[in-house]
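Notes for the structure review
Given next are the chains, with one letter for each unit.
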Amino acid sequence: MSAEAILVEGVSKRFRVVTIPKQMTLKEAVVSLRLIRPSEKRERFVNAINDVSFAVARGTTLGVIGRNGSGKTTLMRLLAGIYTPDSGSIRIPGEIAPLLSLGVGFHPDMTGRENVKINGLVLGMNPRQIEARFDEIVEFAGLREFIDIPVRTYSSGMHMRLTFAVAVSVDPDVLLLDEVLAVGDEAFMIVTGGASAGDFLRLLGNGREFGLKHLHYTYQEGEGGIAEALKLCEHFAEEERIVVMLGDNIVQDDITPYVRKFENQNSGARVLLKEVPNPERFGVAELDGDRIVRIEEKPARPKSSFAVTGIYMYDRRVFDLCRTLQPSARGELEITDVNNQYISQGDLYYDVLDGGWSDAGEFESLFRASELVRAASRL
Amino acid sequence: MVQVLYRYRWLLYELVVRDLVLRYRGSALGFVWTLLNPLLFMLVYTLVFSVYLRIGIAHYAVFLIAGLIPWQWFASSVQAGTSSIVDGRMFVGKTVFAPIILVLVPVLSNLVNLLLSLPILVTIVLIFHVPLGWSILVLPLLLVIQFLLTSGVAMFLATMNVFFRDLQQLIAVVLLLLFYLTPVIYPLSTVPEGFRPYVLGNPLAALILSYQDIFYADSFPNWRHLLYALLASVALFYAGLAVFERYKDAFADYV
């Protein structure tokens, strides 16, 4: 085995560009017995890649940066073997997975399951590998309930996630990624108040370190409650759904799969639950099937051991609900009241968190949260 | 080519399945259409040629369907094969891929259709009490020859169609003309002696005659016809493949 995963030597590629100024009418075509006016057919050549050489060592990553039209995609396609170079040579000894465009071979009338099969084969997996990774792909895409219906019924987001999920399940020697995969442009809004505002700013900065492109801040005056803080996000949500996470909540899991499920849910809200040994300290959910039928705050006799965590997902109605809220006994707009509104409409769904979770509002829970972080950071 | 086919065998398999599934998904009769199609043609042609025109051959329905089923394999495959590369632009140029797969998909899916309609053919043969003998053992050989012929023609036309899209429109007309020039609806004996060499110059005609020999005439195919069909089909297959291989790298630039 050579040390280089990719070896490119003196590669050039040029394209023929033909401009046909104006379509002929049928009459003109018949009269002149031609389809294209010969004098007006213009042909020129564009050098997309000119004498490029480089090597990529095993176990390393090479990023190619350039302006639009500078030949990045052409280079990718040459590496993938889709184009053949006009001159020079490309040597890639291993298996290549070119993820240059997602969902190659997807057919709208076929079900998600059928399309995953074909797309996986196109990407170079064999049927056994696809079979083995199928559940993982579907789970990653968050489309378990929708995998056996035609993909033409999918929303563009669902479509995107499924194609992406198949693409990332390939395990090749050389992985070629084009810009199509630049997804995950997430927008965040931080609502903070009092003295802790500076802490958030210090921690998150401009968000670049966390891969966040758009980070918004707003300041909450006084102690108006979580639902009041949520109201401050209305202009940010722009009539879209919103995921709310309380700042003192620590979650071990990636919450993406739960958010995916929420996206696939037609309307309503979704909260994340966690089984706890001391439910009487929390808001406790009473469950019925996939819905929550009641949330009791710090009940003496809990109906279940599932605590409602500080991660809430709401559809756009949430802001209308917030406006109707009355302050509670402690003078705040309570998020529990928002959730109860959804419950009364039979529209509050839930998922149970697998990994560790803790809030950090009290000494006891703060200690547990610290333990969680300590354990995770030691792994 | 064999290596390519081996490497992409599963994709080829899935695409053939998809082709068959999609054709009938959403239609009430589904797969029954595969059987109904030649039967309806058989009824109409039998009415026209056996009742109206009185072509005067016994068991015309059997004669007709023996040639019609292989013809449909050829015609449907060539029609779909011609546009296969252009229609497959979602594959070509988007990923590493052997475009030959796209051409072979319609040839194979229509072969499956042919195999599925064989029971109908045999049933009709039996209904009319036409004897069916050992010559049926030659059938696999006929299928191999026709596969080579069909895919050779399809590869050639698919390549041409990338550069001249008019072919896609033209091919329907050409196939219709070829249908009448091939002895499917009339026996070779009705063709004047002087024209027969021209008719038999068409390797597909030699093949169709062989199918009719097996299922209608209860005789082994004329070995000279068969040898000619074999040689011509192998030649056309390699010619089609050569043209395809010569230009396939340019497909991505043009589709």
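Residues numbered from 1 in each chain as written. Chains lettered and ligands numbered in written order. Predicted model: local features only at pLDDT ≥ 70, side-chain atom pairs only at ≥ 80, totals over all residues. Heavy atoms only, no water.

This brings us to the overall build of chain A. When helices and strands are tallied, chain A shows 12 helices and 15 strands. Classification of the 379 residues of chain A by burial places 40% in the buried group. Within chain A, residue pairs in contact and separated by at least 24 positions form 70% of the contacts whose partners lie at least 6 positions apart. (Helix = DSSP H or I, 4+ residues; strand = E, 2+ residues; numbered from the N terminus. Buried < 20%, exposed > 50% of the residue type's maximum accessible area, 1.4 Å probe, protein only. Contact = heavy atoms within 4.5 Å.)

On to the overall build of chain B, then. Looking only at helices and strands, one finds 12 helices and 0 strands in chain B. Taken from the N to the C terminus, the helices and strands of chain B come in the order α-α-α-α-α-α-α-α-α-α-α-α. For chain B, whose C-alpha radius of gyration is 19 Å, the value lies close to the compact-globule estimate of 18 Å for 255 residues. Seen along its three principal axes, the alpha-carbon backbone of chain B occupies a region of about 55 × 45 × 35 Å. Counting only residues that meet the buried cut, chain B has 51% of its 255 residues in that class. In the form shown here, chain B has an accessible surface area of approximately 12,000 Å², with 71% of it arising from carbon and sulfur atoms. Across chain B, the centroid of the 13 positively charged side chains sits 4 Å from that of the 10 negatively charged ones. (Rg over C-alpha atoms; globule rule 2.2 N^0.38 Å. Areas by Shrake-Rupley, 256 points an atom, 1.4 Å probe, with all protein chains shown as cover. Lys, Arg positive; Asp, Glu negative; His and termini not counted. Charge placed at Lys NZ, Arg CZ, Asp CG, Glu CD.)

Here we come to the pairing of strand E12 (residues 291-297) of chain A. Residue and element names in this part refer to chain A. For strand E11 (residues 283-288) and E12, the ladder comprises 6 bridges, and the chain directions are antiparallel. If you follow glutamate 286 over to E12, its bridge partner there is arginine 294. Between the end of E11 and the start of E12, which pair antiparallel, lie 2 residues, with glycine 289 showing a positive phi angle near 65°. (Pairing = 2+ DSSP bridges.)

This part covers the domain arrangement of chain A. Residues and elements named next belong to chain A. As far as domains go, chain A holds domain 1 (4-93), domain 2 (112-181) and domain 3 (223-378). Between domain 2 and domain 3, the residue contacts involve 8 residues of the former and 4 residues of the latter. Each partner contributes to the roughly 500 Å² buried at the junction of domain 2 and domain 3, and carbon and sulfur atoms together form 44% of this total. At the junction of domain 2 with domain 3, the criterion picks out 1 salt bridge. Where glutamate 263 meets arginine 161, a salt bridge forms, and the shortest distance between an N and an O atom there is 2.7 Å. Applying the counting rule to domain 2 against domain 3 returns 3 residue pairs in polar contact (both at pLDDT 80 or more). Of all the elements in the fold, those that place two or more residues in the side of domain 2 that touches domain 3 are helix H4 (127-141) and helix H5 (156-168). (Domains from an automatic or database assignment. Buried area = accessible area lost by both parts, 1.4 Å probe. Salt bridge = Lys/Arg side-chain N within 4 Å of Asp/Glu carboxyl O. Polar contact = N/O pair within 3.5 Å; in protein donor to acceptor, adjacent residues only side chain to side chain.)

Next up on the list: the environment of glutamine 345 of chain A. Residues and elements named next belong to chain A. Among the structural elements, glutamine 345 can be located in the loop between helix H11 (335-344) and strand E14 (348-352). Relative accessible area serves as the criterion here: at 39%, glutamine 345 is assigned to the partly exposed category. Glutamine 345 sits 77 residues away from glycine 268 along the chain, and the two C-alpha atoms are 8.5 Å apart. A distance of 2.4 Å separates polar atoms of two side chains, one belonging to glutamine 345 and the other to arginine 317.

For the rest of this paragraph, the subject is the packing of helix H3 (residues 32-52) of chain B against helix H6 (residues 100-127) of chain B. Describing two packed helices takes the angle between their axes plus the distance from one axis to the other. All names here are of chain B. Packing of H3 against H6 leaves a shortest axis separation of 9 Å and a crossing angle of 50°. Between H3 and H6, the angle is such that the two are oblique. Judged by the sense of rotation from one axis to the other, the crossing of H3 with H6 is right-handed. Side by side, H3 and H6 meet where Thr34, Leu35, Leu39 and Met42 of the first sit next to Asn113, Leu116, Ser117, Ile120 and Ile124 of the second. A breakdown of the residues in the contact of H3 with H6 according to their chemical character gives 6 nonpolar, 3 polar and no charged. (Axes fitted to C-alpha atoms, helices over the stretch in contact; angles between N-to-C directions. Parallel < 35°, antiparallel > 145°, perpendicular 65-115°, else oblique. Left-handed = near helix turned anticlockwise from the far one by under 90°. Nonpolar A, V, L, I, M, F, W, Y, C, P; charged D, E, K, R; others polar.)

A few words now on the pattern of salt bridges. Residues and elements named next belong to chain A. In this structure the tally under the stated criterion is 20 salt bridges over all chains. When the shortest N-O distance is used, the salt bridge between arginine 270 and aspartate 351 registers 2.6 Å. Of this pair, arginine 270 sits in strand E10 (residues 269-275) while aspartate 351 is found in strand E14, placing the two residues 81 residues apart along the sequence. You'll find arginine 270 and aspartate 351 in the same group, each marked buried.

Time to look at the side chain of threonine 163 of chain A. Residue and element names in this part refer to chain A. Summarising the element assignment, threonine 163 is placed in helix H5. Judged by its relative accessible area of 3%, threonine 163 is buried. Among residues more than four places away in sequence, those in contact with threonine 163 are Leu102, Gly103, Phe106 and Asn119.

Residue and element names in this part refer to chain A. Overall, the coordinates contain 0 disulfides over all chains when judged by the stated rule. For cysteine 233, which is in no disulfide, the shortest distance to another cysteine sulfur is to cysteine 322 and amounts to 9.4 Å. Cysteine 233 gets classed as buried once you look at its relative accessible area, which sits at 6%. (Disulfide = S-S within 2.5 Å.)

So, about the interface of chain B and chain A. The interface of chain B with chain A comprises 18 residues on the first partner and 26 residues on the second. Buried area between chain B and chain A, summed over both chains or domains, comes out near 2,000 Å², and the portion from carbon and sulfur atoms is 62%. Where chain B touches chain A, the interface holds 2 salt bridges. There are 3 residue pairs in polar contact (both at pLDDT 80 or more) connecting chain B and chain A. Within the residue set of the side of chain B that touches chain A, elements represented by two or more residues are helix H2 (9-24) and helix H12 (251-254) of chain B. Top contributing element to the side of chain B that touches chain A by residue count: H2 of chain B, with 6 residues. Across the side of chain B that touches chain A, the residue classes break down as 9 nonpolar, 2 polar and 7 charged.

Residues and elements named next belong to chain A. Two elements in contact, helix H3 (residues 112-122) and H4, have axes whose closest approach is 10 Å; the angle formed by their N-to-C orientations is 130°. The pairing of H3 with H4 is recorded here as oblique in orientation. In this structure, the crossing between H3 and H4 has a hand that is right-handed. Contacts between H3 and H4 pair Arg113, Val116, Lys117, Gly120 and Leu121 from the former with Pro127, Ile130, Phe134 and Ile137 from the latter. Across the contact of H3 with H4, the residue classes tally to 6 nonpolar, 1 polar and 2 charged.

Counting 128 residues, the largest nonpolar core has Ile6 and Leu162 of chain A together with Trp71, Ile85 and Phe215 of chain B as the members making the most contacts within it. Two domains share this core, each providing at least three of its residues, namely domain 1 (4-93) and domain 2 (112-181) of chain A. Contact partners of isoleucine 85 of chain B, with chain neighbours within four places excluded, come to Val92, Pro99, Leu102, Val103, Ala158, Val162, Phe244, Phe251 and Val255 of chain B. Counting 31 residues, the second-largest nonpolar core is a separate cluster that includes Leu246, Tyr342, Ile343 and Tyr350 of chain A. (Core = buried A, V, L, I, M, F, W, Y, C linked by side-chain atoms within 4.5 Å.)

All names here are of chain A. Within H11, the full set of buried residues consists of Ile335, Thr336, Val338, Asn339, Tyr342 and Ile343. Projected onto a plane normal to the axis of H11, the buried residues spread over an arc of 155° and lie on a single side. Against helix H7 (226-231), E10, E12, strand E13 (306-314), helix H10 (318-324) and E14 lie the buried residues of H11. Within two residues after H11, glycine 346 carries a phi angle of roughly 65°, on the positive side. (Arc of directions from axis to C-beta.)

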